[in-house]
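Single-letter residue listing:
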Amino acid sequence: MSDLVKFVQDEFVAKKDFPEFNSGDTITVYYEIKEGEKTRTQFFKGVVIQKRGAGITQTFTIRKMSGSVGVERIFPINMPALQKIEVNQRGKVRRARIFYFRDLTGKKAKIKERRR
């Protein structure tokens, strides 16, 4: 059964080439929004809090600060509206899911940059 599911995923789901990113990285996601007849591109820039799932069911959560309010958004990696992903900064974190980042404010909420 799993072979059949894998076959269908490989054959019928269009793969997009996005750059590799992990939790702690600051990324910009460009996605398409439909408003009636018109479509426009909007971006969401923030820190990746988690990546979850595998294959076509993979999702990632991004958190940004809008004023003094934290905003989180979950994006499926295979969402047709996703146009491109840019990695702005690589972050150095020790965990795969950085939910503790929600409680940090000020200088503590800064993630160190990972060197190459």
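Since this is a predicted model, take the numbers as computed values, not measurements.

**So, the overall build of the protein chain**
A tally of regular secondary structure across the protein chain gives one helix and five strands. Order of helices (α) and strands (β) in the protein chain, N terminus to C terminus: α-β-β-β-β-β. Considered along the principal axes of its C-alpha atoms, the protein chain spans approximately 50 × 40 × 25 Å. Burial status across the protein chain gives 28% buried among its 116 residues. For the protein chain, the proportion of contacts with a sequence separation of at least 24, taken over those separated by at least 6, is 51%. On the protein chain, roughly 8700 Å² of surface is accessible, and the fraction owed to carbon and sulfur atoms is 50%.

**Here's the deal with the environment of Ile98**
Secondary-structure assignment places Ile98 in the segment after β5 (82–89). Owing to a relative accessible area of 0%, Ile98 belongs among the buried residues under this scheme. For the pair Ile98 and Gly24, spaced 74 residues apart in sequence, the C-alpha separation works out to 7.5 Å. If sequence neighbours within four positions are ignored, Ile98 has contacts with Gly24, Val47, Val48, Ile49, Val93 and Ile111.

**Here we look at the side chain of Gln50**
Structurally, the position occupied by Gln50 is in strand β2 (residues 38–52). Judged by its relative accessible area of 8%, Gln50 falls in the buried class. Of the polar contacts made by the side chain of Gln50, one reaches the side chain of Arg97; its length is 3.3 Å. Once residues within four sequence positions are removed from consideration, Gln50 is found in contact with Thr59, Phe60, Thr61, Ala96, Arg97 and Phe99.

**Considering the sheet that holds β5**
The strands making up a sheet are joined through hydrogen bonds of the backbone, oriented either antiparallel or parallel. The five strands are arranged β4-β3-β2-β1-β5 in an open sheet whose pairing can be described as antiparallel. One side of each edge strand has no neighbouring strand; the edge strands of this open sheet are β4 (69–76) and β5. Strand-to-strand twist of the sheet, defined as the mean angle between neighbouring strand axes without regard to direction, takes the value 40 degrees. Pairing of strand β1 (residues 26–35) with β2, which is carried by ten bridges, proceeds in the antiparallel orientation. Within β2, the position partnered with Thr28 by the bridge is Lys45.

**Regarding the nonpolar core**
The biggest cluster of nonpolar side chains holds 15 residues, and the ones touching the most others in it are Ile27, Val29, Tyr31, Phe60, Phe75 and Ile85. Going through the elements one at a time, β1, β2, β3 (59–66) and β5 are the ones with two or more residues in this core. The element contributing the most residues to this core is β1, with four residues. Look past the residues within four positions of Tyr31 in its chain and what remains in contact with it is Arg40, Thr41, Gln42, Phe43, Phe44, Arg73, Phe75, Met79, Ala81, Leu82 and Gln83. If you look at the next biggest cluster of nonpolar residues, it comprises five residues, including Val47, Ile49, Phe101 and Ile111.

**Description of the packing of aromatic side chains**
Per the stated rule, a full pass over the model turns up five aromatic pairs. Ring plane angle 55 degrees and centroid distance 5.4 Å describe the contact between Tyr31 and Phe75, whose orientation is recorded as tilted. Of this pair, Tyr31 sits in strand β1 while Phe75 sits in strand β4, and the two are 44 residues apart along the sequence. Accessibility classification places Tyr31 together with Phe75 in one group, the buried group. Aromatic ring contacts, followed pair by pair, group Phe21, Tyr31, Phe44, Phe60 and Phe75 into a single cluster.

Cut-offs applied
- Residues numbered from 1 in each chain as written.
- Predicted model: local features only at pLDDT ≥ 70, side-chain atom pairs only at ≥ 80, totals over all residues.
- Heavy atoms only, no water.
- Helix = DSSP H or I, 4+ residues; strand = E, 2+ residues; numbered from the N terminus.
- Buried < 20%, exposed > 50% of the residue type's maximum accessible area, 1.4 Å probe, protein only.
- Contact = heavy atoms within 4.5 Å.
- Areas by Shrake-Rupley, 256 points an atom, 1.4 Å probe, with all protein chains shown as cover.
- Polar contact = N/O pair within 3.5 Å; in protein donor to acceptor, adjacent residues only side chain to side chain.
- Pairing = 2+ DSSP bridges.
- Axes fitted to C-alpha atoms, helices over the stretch in contact; angles between N-to-C directions.
- Core = buried A, V, L, I, M, F, W, Y, C linked by side-chain atoms within 4.5 Å.
- Phe/Tyr/Trp six-rings, centres within 6.5 Å; stacked < 30°, edge-to-face > 60°.

By themselves, these are just geometric observations and shouldn't be taken as functional.
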